[in-house]
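Breakdown of the fold
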Amino acid sequence: IYFAVKNGDDSNLYGVNFSESDFSAQNFGLIPELDDMRLFQIGESFVLTGSNESGLQLSYYNSETQAMELIDFEEKPSYRTAYNITSDGSSLFVSGGLDSEGTPINDFHIIDFTVDDSAWESIPVTLSESTGNMLMKIDNGEIIFADIASTVTGNLNLLKISQFDWSIRTEQIQLEVV
């Protein structure tokens, strides 16, 4: 289990390892001050995402220095909170959210950590204005967005994007509203 603890102006990342007879905790050190932080395991390390005035930031745990290190990208997604993010274990997929004024963001980005020069890539898809109300999941090589706002009407709108050719299919499933 990994978790962040804020103490005054500092935030630290901790990990707890449980075994049948004991548990141990480790302080992974200071982490950057970010809004709306999320933590993902990528390969053998983990990545922390969150936003500051420079945009969406990524930090990773460097096991050699035993510290969290910021990954600096020339171009990155803009500042956002309440964004959708998921991982397949080697890539991060980010969509939507709210900017610093609370305006919905309608975009989709991917970063693949299996290549040497990892960089954010903006994927040219048009998502609905309710992107902030969507859930995202990876299933059988497709990224599935579910517009949870549409469940109020009894229609669940699903948007599927193939990871391989970025083609888009939209499906609507009839739900029974209770």
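Residues numbered from 1 in each chain as written. Predicted model: local features only at pLDDT ≥ 70, side-chain atom pairs only at ≥ 80, totals over all residues. Heavy atoms only, no water.

1. A short note on the overall build of the protein
The cut-off we apply is this: Note on conventions: DSSP H or I runs of at least 4 residues are helices, E runs of at least 2 residues are strands, and numbering of each starts at the N terminus. Categorising residues by exposure relies on relative accessible area from a 1.4 Å probe, with only protein chains included: less than 20% of the type maximum marks a residue as buried, more than 50% marks it as exposed, and the intermediate range marks it as partly exposed. The contact definition used throughout considers only heavy atoms, calling two residues in contact when any of these lie within 4.5 Å. Exposure was quantified through the Shrake-Rupley algorithm and a 1.4 Å probe, taking into account, for residues, occlusion by the shown protein chains and nothing else.
Across its full length, the protein carries 0 helices and 15 strands. Counting across all 178 residues of the protein, residues that qualify as buried make up 40%. For the protein, restricting intrachain contacts to residue pairs at least 6 apart in sequence, the fraction spanning at least 24 positions comes to 32%. With the model as given, the accessible surface of the protein reaches about 10,500 Å², and the carbon-plus-sulfur share is 48%.

2. As for the pairing of strand E1 (residues 2-7)
The condition that has to hold: Here, strands pair whenever DSSP counts at least two bridges between them.
The sheet contact formed by E1 and strand E2 (residues 10-18) spans 6 bridges and is antiparallel. From the neighbouring strand, lysine 6 faces E2, where its bridge partner is serine 11. Between E1 and E2, which pair antiparallel in sequence order, lie 2 residues; one of them, glycine 8, sits at a positive phi of approximately 70°.

3. Considerations on a nonpolar patch on the surface
Stated formally: The patch calculation keeps residues exceeding 30% relative accessible area without a salt bridge and links them within 9 Å when they carry like charges or within 5 Å when they are nonpolar (Val, Leu, Ile, Met, Phe, Trp, Tyr). By convention in these notes, a salt bridge is any Lys or Arg side-chain nitrogen within 4 Å of a carboxyl oxygen on Asp or Glu.
A contiguous nonpolar patch, built from Ile1, Phe3, Val5, Phe18 and Phe23 and spanning about 510 Å² of accessible area, is present on the exposed surface. With respect to the helices and strands, valine 5 occurs in strand E1. In this structure valine 5 comes out as partly exposed when scored by relative accessible area, which is 33%.

4. Overview of the sheet that holds E1
For the record, the criterion: Only the contacting stretch of a helix is used when fitting its axis, a line to C-alpha atoms as for every element, and angles between N-to-C directions run 0 to 180 degrees.
The antiparallel open sheet is built from 3 strands, whose spatial order is E1-E2-E3. Single-partner strands in this sheet number two, and they are E1 and strand E3 (23-31). Pairs of neighbouring strands in the sheet enclose a mean axial angle of 30°, with direction left out of account.

5. Remarks on the nonpolar core
Just so we agree on the cut-off: Only buried residues count toward a nonpolar core. Its members are Ala, Val, Leu, Ile, Met, Phe, Trp, Tyr and Cys residues joined through side-chain atoms within 4.5 Å.
In this structure, Leu58, Phe73, Ile85, Leu92, Val94, Ile111 and Trp120 are the most contacted members of the largest nonpolar core, which totals 13 residues. Among the elements of the structure, strand E4 (35-42), strand E6 (55-62) and strand E9 (91-95) are those that each provide at least two residues to this core. Those residues in contact with tryptophan 120, other than ones at most four positions away along the chain, are Leu56, Leu58, Phe73, Glu75, Lys76, Pro77, Leu92, Val94, His109, Ile110 and Ile111. Residues Leu13, Ile31, Leu34 and Met68 belong to the second largest nonpolar core, which totals 8 residues.

Note that every value here comes from positions in space, so none of it alone points to a role or purpose.
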